[in-house]
Amino acid sequence: MDRAEAAGGMSAMKRMVEGEDPQTFLDVFEATATSCRWPEEEWGAKLLPLLVGEAQRAAVSLPASARMQYANLRCAILDRVGRSPEDHRRKFRAMMLGPGDRPFVLAFQPRDAATRWLQPNGLDPKMLEAIVLERFVEAIPARTSAWVRYHSPPDVKAAVKLAEEHLAVQRETTTKTAKGPTPAPRRRLAPLWGGGGGGRVSAVATKPA
């Protein structure tokens, strides 16, 4: 990589702003560093001048020898001002489908949290998919969860489709039940006068007009 390419990458990276999400900032930094093909041993030195506030203080708190290692910087910053892997693990475990939520929206949340929690350890993509699938099935209502498990979906996309279909049927059934049964037509009674003077009144049912 030539100097012009490296300089172009650094100029594209703006300094961190107070209150900016450190996780997002570090993700953008890593994407830029990768696309510009910076040597990983230089990432720490390139990141340091971009930090401000608590993120900068977290970096300075490290021993000088550890400060130049990007992995140490990232861990210290997220420990102090951002979400650590443990935070993402708790978020991943706590996710549930709320009333009115859609399964396809929920499916994105555990994937993002699991990626941030586990991906730094180099988890195999197939294993990540299996973990997200299991968490998604646990996060949906019990009856829908049982329905999805019964069909053994191969991935999250298939599980979302099954959950959407089952919940749609559940909503339709609930709506019909709430309306109650359709009332029977009212019957009209027609008088039938008996013979004789005082004649007693009796009645028979007639078909509705």
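Located above this text is the structure these notes cover.
Please read these numbers as outputs of a predicted model, since none were measured by experiment. (Residues numbered from 1 in each chain as written. Predicted model: local features only at pLDDT ≥ 70, side-chain atom pairs only at ≥ 80, totals over all residues. Heavy atoms only, no water.)

Caption draft 1: Fine view of the packing of aromatic side chains. Throughout the structure, instances matching the rule amount to five aromatic pairs. Pairing W43 with Y70 gives two aromatic rings, centres 5.4 Å apart and planes at 80 degrees, and the pair type is edge-to-face. Of this pair, W43 sits in helix α3 (residues 43-47) while Y70 sits in helix α6 (residues 70-81); the two residues are 27 residues apart in sequence, bridging distant segments of the chain. No difference in accessibility class separates W43 from Y70, as the two residues are buried. Here K46 stacks its cationic end above the ring of W38, 5.0 Å away from the centre of that ring. (Phe/Tyr/Trp six-rings, centres within 6.5 Å; stacked < 30°, edge-to-face > 60°. Helix = DSSP H or I, 4+ residues; strand = E, 2+ residues; numbered from the N terminus. Buried < 20%, exposed > 50% of the residue type's maximum accessible area, 1.4 Å probe, protein only. Lys NZ or Arg CZ within 6 Å of the ring centre and 35° of its normal.)

Caption draft 2: Structural view of the packing of helix α2 (residues 22-35) against α6. Remark: α2 packs on α6, axes separated minimally by 10 Å, with the N-to-C direction vectors making an angle of 160 degrees. In terms of orientation, α2 and α6 fall into the roughly antiparallel class. Between α2 and α6 lies a crossing of left-handed hand. The segment α2 lies against α6, with P22, Q23, L26, D27, F29 and E30 engaging Y70, R74, I77, L78 and V81. A class-by-class count of the residues in the contact of α2 with α6 yields seven nonpolar, one polar and three charged. (Axes fitted to C-alpha atoms, helices over the stretch in contact; angles between N-to-C directions. Parallel < 35°, antiparallel > 145°, perpendicular 65-115°, else oblique. Left-handed = near helix turned anticlockwise from the far one by under 90°. Contact = heavy atoms within 4.5 Å. Nonpolar A, V, L, I, M, F, W, Y, C, P; charged D, E, K, R; others polar.)

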